[in-house]
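Understanding the architecture of this molecule
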Amino acid sequence: MLGGFAALFDRSAFIPHGICLAWQPELLALHVSSDALIGLSYYSIPLALLYFVHRRRDVAFSWVFWLFAAFILACGTTHFASIWTLWTPDYGLEGLIKVGTALVSMLTAVALWILMPKALALPSPRQLAEANVALQHEIAVRRQAEERYSGFFNNLAEALFIVTVRPDGQFAFDAVNPAHARSTGLDPAFLCGRTVTEALPPAAAALVTSHFTACIEQGRPVDFEDAMELPVGPRIWHVVLVPVFDATGRVVQILGSARDITERRRLQEELIQTSKLATLGTLAAGMAHEMSQPLNIIRMWAENSLARLRRNELDPERLTKVLTIVADQTERMGRIIDHIRSFSRRDSSGGALFDPAEGVAFAAEMVRHQYQLEDIAVEVTGTGEACAVNGHRLQFEQVIVNLLANARDAIKDRRAGGMPAAGSIRIAVEPDEAGRSVRILVTDNGGGIPPHILPRIFDPFFTTKEVGSGTGLGLSIGYGIINAMHGRIEAEVVDHGDGLRGTRFTITLPVALPSSEEGGRSHG
C-alpha cells in the first residue's frame with residue numbers, strides 16, 4: 001500500500017503539462033498569468049474573511065467564515081498546482097490537493113445548507129433599518145416619559161421618596177425629591193444609597209422601619225400618621241407607602257409620599273377644643289342646676305345646725321350627721337367639677353388604650369340630670385364586659401356628648417311639632433363575639449332624619465338647625481375623630497312603633513389586642 005502511495009509522487013512516467021501546449025510562450029503566459037491571479041485572489045479572500053471575523057467578534061455564525069476561508073484557500077492552491085505541473089509532472093500531488101479541496105468544498109456545501117434556515121431568519125438590512133427607526137422612536141418616547149416623570153418627581157410640592165428593599169431585608173433610600181429635602185431638612189446627597197438606620201436618628205429609623213416592614217408584609221399600599229423628630233424639628237406626617245413587585249412577586253422597592261400635617265393637626269385640635277367648649281356651653285344650665293342641689297342641701301343643714309347651736313341643742317351625734325352630709329355633698333360637687341374640668345381640658349398629643357364603656361358612662365353622667373329636667377331619659381346598657389380601644393378618650397367622650405346633644409335637640413324639635421311624648425335616648429355598648437370590635441349605639445326617638453338628608457349629615461358645615469343654633473361641625477368633627485381611631489360611624493332611621501321614629505348612630509371601633517398594647521400607648 002505504501003508502494004502505491006509512493007507511486008503517486010513518481011513523475012518518471014509522466015510529461016509536463018506544458019508539452020500539451022506545445023511550449024508556446026503565448027499559451028504558457030496566458031495560463032500562468034490567469035492561474036496566478038486567481039490563486040492570489042483566492043489567497044487574499046480568506047485573509048479578508050479572517051480579518052473581518054477578528055474585528056467583528058459579535059458576528060453570527062463566525063465558524064462559517066473560517067470554513068469558507070479554508071475552502072477558498074484550497075481552491076487557490078489548486079491553481080498554483082496547475083502552474084507547477086506545466087513544467088513539473090507532479091500530478092499525484094495535484095490530485096491530493098484537489099481531493100483536499102473537494103473534501104473542504106463538500107463540508108462547506110453541507111454546512112451551508114444546514115445553516116440556510118438560520119441565515120434566512122436573520123433580519124435583512126431593510127428590517128434592521130426599520131427596527132432601528134422603531135427603536136429610536138421608543139427611545140424618544142421613553143426619554144419624554146422620563147422627563148415627565150423627572151419633572152413630576154422634582155417639582156411636586158409633596159415629599160416623595162423611593163426606597164430599595166435589599167435581599168438582606170435592609171431598606172435603603174434610592175431617591176428623594178427636592179420637596180422632601182425642604183420639608184425634612186435631610187440632604188438628598190446624604191440620604192441616597194444609605195440604609196434607614198444609617199440616615200435617620202434611631203427613634204425615627206425604628207418607627208419608619210416598622211412601617212416599611214408592615215407594607216411588605218401586607219403587600220398593598222398602606223398609610224399612617226405619626227410624629228417624628230427630624231432636623232427641621234418635631235413634625236406630624238401623613239405617609240403613604242406603595243410596594244413595587246418584581247416578576248417573582250417579591251417587593252423590591254417602596255414608593256412613598258409624605259405630607260407635613262403638623263399645622264392641620266393643630267387646627268383640628270383647636271377646632272375640637274372649640275367644639276368641646278361650645279358643648280360645655282350648652283350644658284351650662286344643667287350643670288348650674290346640678291351644682292345648686294348640693295349647695296342647697298349644705299345650706300339647709302348648715303342653717304339648721306346653726307339654729308340648734310344657738311339654742312344649745314346641738315349634740316355630737318347630730319353634728320356628726322350634719323358634717324357627714326356636708327362632706328358627701330361637697331364630694332358630689334367635686335366630682336361634677338372634675339367632670340367639667342376633665343372634659344374641657346386639651347387632650348394629650350398621643351393616644352392610649354381606654355375602655356369605651358367608661359367613656360360612654362362619663363358622657364351620659366354629664367348630661368343625665370340636665371336632660372331629666374327636660375323629661376328626656378338617658379339609659380346606658382351593656383357596659384359590663386370590659387374591652388380596650390386605642391385613641392383619645394376625651395375626644396371619644398366629646399363624640400358621645402355631641403350625639404346626645406343632637407338627640408336632645410331632635411326630641412325638642414319633635415315636641416315643638418306637636419308630639420309631646422317622653423324623650424328617650426338609649427346608649428348600648430356591644431363587643432362582638434370574636435372580640436375584634438366593639439359597637440356603640442346611640443338611639444333616640446326624636447323623629448328620625450329625612451332620607452334625602454341622611455347622606456349629607458357628616459359633611460362639614462351642614463346643619464338642619466336654625467341660624468345661630470348650630471355650626472354644622474359637630475358630626476363632621478366626630479366623623480374625623482372616629483376615623484382617626486380606625487373606626488367608622490353610621491346613621492340610620494329606626495321605627496319604634498306607635499308612630500314614633502328616631503335616629504340610631506352606630507360607632508364601630510377595632511378592639512386593641514393585648515400584643516399591641518405598648519404600641520397603642522406609644523403612638524396615637
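Presented here is an overview of the structure given in this document.

1. Some thoughts on helix H13 (residues 356-373)
Look at H13: 27 Å from first C-alpha to last across 18 residues, which is about the 26 Å you get at 1.5 Å a residue. Restricting attention to buried positions, one finds in H13 the residues Pro 356, Ala 357, Gly 359, Val 360, Phe 362, Ala 363, Ala 364, Met 366, Val 367, Arg 368, Gln 370 and Tyr 371. One side-chain oxygen at the N-terminal end of H13 lies 3.0 Å from the backbone nitrogen of Ala 357; it belongs to Asp 355. The first or second residue beyond H13 is Asp 375, which carries a positive phi of 60°.

2. Concerning the environment of His 496
Within the secondary structure, His 496 sits in strand E11 (residues 488-497). Each C-alpha atom of the pair His 496 and Asn 445 lies 7.4 Å from the other, and the pair is 51 residues apart in sequence. For His 496, the contacting residues outside a window of four places in its chain are Arg 426, Thr 443, Asp 444, Asn 445, Arg 501 and Gly 502. For His 496, the side chain forms a polar contact with the main-chain oxygen of Asp 444, separated by 2.8 Å.

3. Some points on the sheet that holds strand E7 (residues 376-381)
Read from one edge of the open sheet, 5 strands run E7-E9-E10-E12-E11, paired in mixed fashion. The outermost strands of the open sheet, each flanked by one partner alone, are E7 and E11. The average undirected angle you get between the axes of adjacent strands in this sheet is 15°. Sheet strands touched by helix H14 (residues 393-416): E7, strand E9 (423-431), strand E10 (437-444), E11 and strand E12 (500-510). Its angle to E9, the strand with the most contacts, is close to 150°.

4. A look at the packing of aromatic side chains
How two aromatic rings sit relative to each other is given by the distance of their centres and the angle of their planes. Counted according to the given criterion, the structure contains 8 aromatic pairs. Each ring, one from Tyr 43 and one from Phe 80, has its centre 5.3 Å from the other, and the planes form 75°; the classification is edge-to-face. Pair noted here: Tyr 43 is in helix H2 (residues 25-55) and Phe 80 is in helix H3 (residues 62-87), with a separation of 37 residues, a long-range link. The class for Tyr 43 is partly exposed, based on a relative accessible area of 33%. Overall, Phe 80 belongs to the partly exposed group, its relative accessible area being 28%. Both rings, one in Phe 161 and one in Phe 212, keep their centres 6.3 Å apart while their planes meet at 40°; by these two values the pair is tilted. Taken together, the residues span a long stretch of sequence, with Phe 161 in strand E1 (residues 159-165) and Phe 212 in helix H9 (residues 202-218) at a distance of 51 residues. Neither Phe 161 nor Phe 212 differs from the other in exposure class; each is buried. Following the ring pairs from residue to residue traces out a cluster consisting of Phe 161, Phe 171 and Phe 212.

5. Considerations on the nonpolar core
Within soluble globular proteins, side chains that are nonpolar tend to cluster in buried spots. Core analysis: the biggest nonpolar cluster contains 43 residues, and Ile 400, Ile 427, Ile 440, Phe 505, Ile 507 and Leu 509 have the highest contact counts within it. Secondary structure elements with two or more residues in this core: H13, E7, H14, E9, E10, helix H15 (474-484), E11 and E12. The biggest single contributor to this core is H14, with 9 residues. Once you skip the residues sitting within four places of it in the chain, Ile 400 turns out to touch Val 360, Ala 363, Ile 427, Ile 440 and Ile 507.

6. What about the pairing of E11?
Relative to E12, E11 runs antiparallel, the two sharing 9 bridges. The residue bridging Gly 497 from the neighbouring strand is Leu 500, located in E12. Joining the antiparallel neighbours E11 and E12 is a turn of 2 residues, in which Asp 498 adopts a positive phi near 55°.

7. So, unusual backbone geometry
You will see that Asp 375, though not glycine, has its phi angle at about 60°, which is positive. Along the chain, Asp 375 falls in the loop between H13 and E7. Although it is not a glycine, His 486 sits at a positive phi angle of roughly 60°. Checked against the element boundaries, His 486 lands in the loop between H15 and E11. You can call His 486 exposed: its relative accessible area is 67%.

Rules of the game
Residues numbered from 1 in each chain as written. Predicted model: local features only at pLDDT ≥ 70, side-chain atom pairs only at ≥ 80, totals over all residues. Heavy atoms only, no water. Helix = DSSP H or I, 4+ residues; strand = E, 2+ residues; numbered from the N terminus. Expected span 1.5 Å × (residues − 1). Buried < 20%, exposed > 50% of the residue type's maximum accessible area, 1.4 Å probe, protein only. Polar contact = N/O pair within 3.5 Å; in protein donor to acceptor, adjacent residues only side chain to side chain. Contact = heavy atoms within 4.5 Å. Pairing = 2+ DSSP bridges. Axes fitted to C-alpha atoms, helices over the stretch in contact; angles between N-to-C directions. Phe/Tyr/Trp six-rings, centres within 6.5 Å; stacked < 30°, edge-to-face > 60°. Core = buried A, V, L, I, M, F, W, Y, C linked by side-chain atoms within 4.5 Å.

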